[in-house]
Amino acid sequence: MKIIVTTILLFVSALCFATTNKDIESTLQALDVAVDNAPTYIANKEAEIHRIKNNLRLAVADVDKYLSCKQIAEAYSHYKSDSALVYYRRCFNYGKANNNIMWMQDAAIHQALILADRGDNHMATDRLRMLGTINDICPQLRNLYANAAMMEFVRVSNDEYNQFSTSRAVKSWRIYSSYISHRSNYYYIYYTVVHPDHNPVSTAKSIQNELLSTPKGTAHEAILRMMLGVCYKKSGDTDKAIIEFAHSAIIDIKNTYTNSSSLTMLLAELNNDKNVNVARLLKYTKLNIDNINMYNDIGRSIHLVNAQKPILLRYQEAMQQRLQSQMIIGMLTIVLLIVSIFFAWSLHKKSKTIALQRDMLKVDVQDLQHDMLNTQENVANKDETIAMLKYERVKTGRLLAQHLSYLSQALNDIKAYKKEVANMIASGRTAEARKMTKENVTKDRTQALFCEIFDHSFLDIHPDFPMRLNQLLTNDEQLSSGYSHVLTPEQRIYALISLGIDDSKNIAEILHYSIQTVYNYRMKMRHMAVSENEKLDDAVKQFYT
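The structure presented is a predicted model; accordingly, all values stated were derived computationally and were not measured.

Visitor: Run through a nonpolar patch on the surface, naming residues and quoting values.
Guide: A surface patch of nonpolar side chains, about 650 Å² in accessible area, is lined by Val335, Val339, Phe342, Phe343, Trp345 and Leu347. Mapped onto the elements of the fold, Trp345 is located in helix α15 (residues 298-426).

Right, dumping it as structure tokens:
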């Protein structure tokens, strides 16, 4: 029974360990994304500050200038301390110029808070001493004054977040604790400074309850999570501490809170984990250095140097291991290369005979392939010739049928004409018969029938002729008879030209037009052409040559 219980406990422990490692890795991956996007967050912050500075340029009244300067200073307060101090100094000067005590006190207290936050404790103390005691401060600003007074006791060491408490800190806490609410950003920081022996479990529960009502992604949540990580670390739960420090660092990066120590604490914890990727540690360290330089943080810079030393040592060890691995791989590669060369030489000797036989077979195969190709080409040529002969036979038969049809129609017209003339003579209408012969109706019908035969026959052979001729004419002068297989007189004349008959007299005789008519149509077409004069005739002659 004991063995079963022990096995179950070991299984549950292993499962919990795997789940925690997965949570840590997913949190660090989210932090990696935030670190990579840090330049974007900084650009957004600068754009916001630039917008407020534009408001300051437009401000006319001192109260508007004061409010704009205060907005700019607040925007810089967690981001760039030097810039924040400059704009709080301008706020102080506006208060002094307008004899506004509250403006002056607010600006001076904020300066003291920033100076203490970045480690300039003496200068912060001087600022507060100039203002007097907390009773000399406007009631609305006493909470801020109390925070500034307690900030000088906050430190970050290598091992823990606060770890020192003096009698002066305890005395200050007794004076100022009533002014600092639990909702203050720094309450739990001051609490752990004054109570170094606090119970981390109960403090963690208080912080967790506070987090339930804290807006997400705010500076208050970032500080609470950082202090929750401190409590986990003190109680021995390093994994949870890493997760909370990472969550706090993500919020700080997204909001450009360069004054936060969460990333420094995270680096201190990750340094103790030999399985953490060194490249990841170097990336976090670089961003932390950038933040410290940006905020001009004197206190954190000292502790970062101490935290950076083991990271650099681990990086050097990793590089040495990588170099050794590369050397081993290189030696193995050389050995494999030598072995490969030996086998290649052996195979080369054996392959010579095979290559000769293969070449002989290749020549035989090529000869066979060449014969097959010739046979295929001959078959294809014969098939093509047969197909062309069949097509020409069908086409010739169709044209013969058309010509016979047109000839039969012409004979019928002549027969009907003769019959009609004979009837007129038989009935004594000789004058009408004489008149009918003078009108030459048969010639007109025969000419129309000839044109119809010519159009059908030519377009059967060259159906693309109207389109090709129109391509030589301007867009406004396109020719069309309006019917398929029917040509206009102009098209009919140039159809003969495309066949090589370009003499106007010959064209007139074939089409039964007068020479003048042919000449007029040809002149008309030249004026319609894109090119000028004889170029149209030359282009048409090239259609089917």
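Visitor: Explain the packing of helix α5 (residues 101-117) against helix α7 (residues 142-151) residue by residue, including any values.
Guide: Taken N-terminus to C-terminus, the directions of α5 and α7 make an angle of 25 degrees; their axes are 8 Å apart at the nearest point. Here α7 runs roughly parallel to α5, going by the angle between their axes. At the point where α5 passes α7, the crossing takes the left-handed sense. Contacts between α5 and α7 involve Asp106, Ile109, His110, Ala112, Leu113, Ala116 and Asp117 from the former and Leu144, Tyr145, Asn147, Ala148 and Met151 from the latter. Split into classes, the residues belonging to the contact of α5 with α7 amount to eight nonpolar, two polar and two charged.

Visitor: Quick rundown of the side chain of Arg522? Include the residues and the values.
Guide: Relative to the helices and strands, Arg522 resides in helix α21 (residues 515-528). There is a polar contact of 2.8 Å between the side chain of Arg522 and the side chain of Asp537. The contacts of Arg522, once residues within four sequence positions are left out, are Ile493, Tyr494, Ile497, Asp502, Asp503, Ser504, Ile507 and Asp537.

Visitor: With reference to specific residues and values, describe the nonpolar core.
Guide: If you look at the biggest cluster of nonpolar residues, it comprises 90 residues, and the most contacted ones within it are Leu31, Leu266 and Tyr284. The dominant element in this core, judged by the number of residues it contributes, is α5, at 10 residues. The residues touching Tyr284, leaving out its near neighbours within four places in the chain, are Leu28, Leu31, Asp32, Val35, Leu263, Leu266, Leu267 and Leu270. In this structure, Leu511, Val518, Met525 and Val540 belong to the second largest nonpolar core, which totals 24 residues.

Visitor: Mind laying out the packing of α7 against helix α8 (residues 167-176), listing which residues take part and the relevant values?
Guide: As a packed pair, α7 and α8 sit with axes 10 Å apart at the nearest point and diverge in direction by 175 degrees. Here α8 runs roughly antiparallel to α7, going by the angle between their axes. Taken together, the residues of α8 that come into contact with α7 (itself represented by Tyr145, Ala146, Ala149 and Met150) are Ala169, Ser172, Trp173 and Tyr176. The class makeup of the residues in the contact of α7 with α8 is seven nonpolar, one polar and no charged.

Visitor: So what's going on with helix α20 (residues 504-511)? Residues and values would help.
Guide: Those residues of α20 not exposed but buried are Ser504, Ile507, Ala508 and Leu511. An end-on view of α20 places all buried positions within 100 degrees of arc, on one side of the element. Its side-chain oxygen placed 3.2 Å from the backbone nitrogen of Lys505, Asp503 serves as the N-cap of α20. Trailing α20 by a residue or two, His512 shows a phi angle of about 60 degrees, which is positive.

Calculation notes
Residues numbered from 1 in each chain as written. Predicted model: local features only at pLDDT ≥ 70, side-chain atom pairs only at ≥ 80, totals over all residues. Heavy atoms only, no water. Patch = residues over 30% accessible without salt bridge, like charges linked within 9 Å, V, L, I, M, F, W, Y side chains within 5 Å. Areas by Shrake-Rupley, 256 points an atom, 1.4 Å probe, with all protein chains shown as cover. Salt bridge = Lys/Arg side-chain N within 4 Å of Asp/Glu carboxyl O. Helix = DSSP H or I, 4+ residues; strand = E, 2+ residues; numbered from the N terminus. Axes fitted to C-alpha atoms, helices over the stretch in contact; angles between N-to-C directions. Parallel < 35°, antiparallel > 145°, perpendicular 65-115°, else oblique. Left-handed = near helix turned anticlockwise from the far one by under 90°. Contact = heavy atoms within 4.5 Å. Nonpolar A, V, L, I, M, F, W, Y, C, P; charged D, E, K, R; others polar. Polar contact = N/O pair within 3.5 Å; in protein donor to acceptor, adjacent residues only side chain to side chain. Core = buried A, V, L, I, M, F, W, Y, C linked by side-chain atoms within 4.5 Å. Buried < 20%, exposed > 50% of the residue type's maximum accessible area, 1.4 Å probe, protein only. Arc of directions from axis to C-beta.

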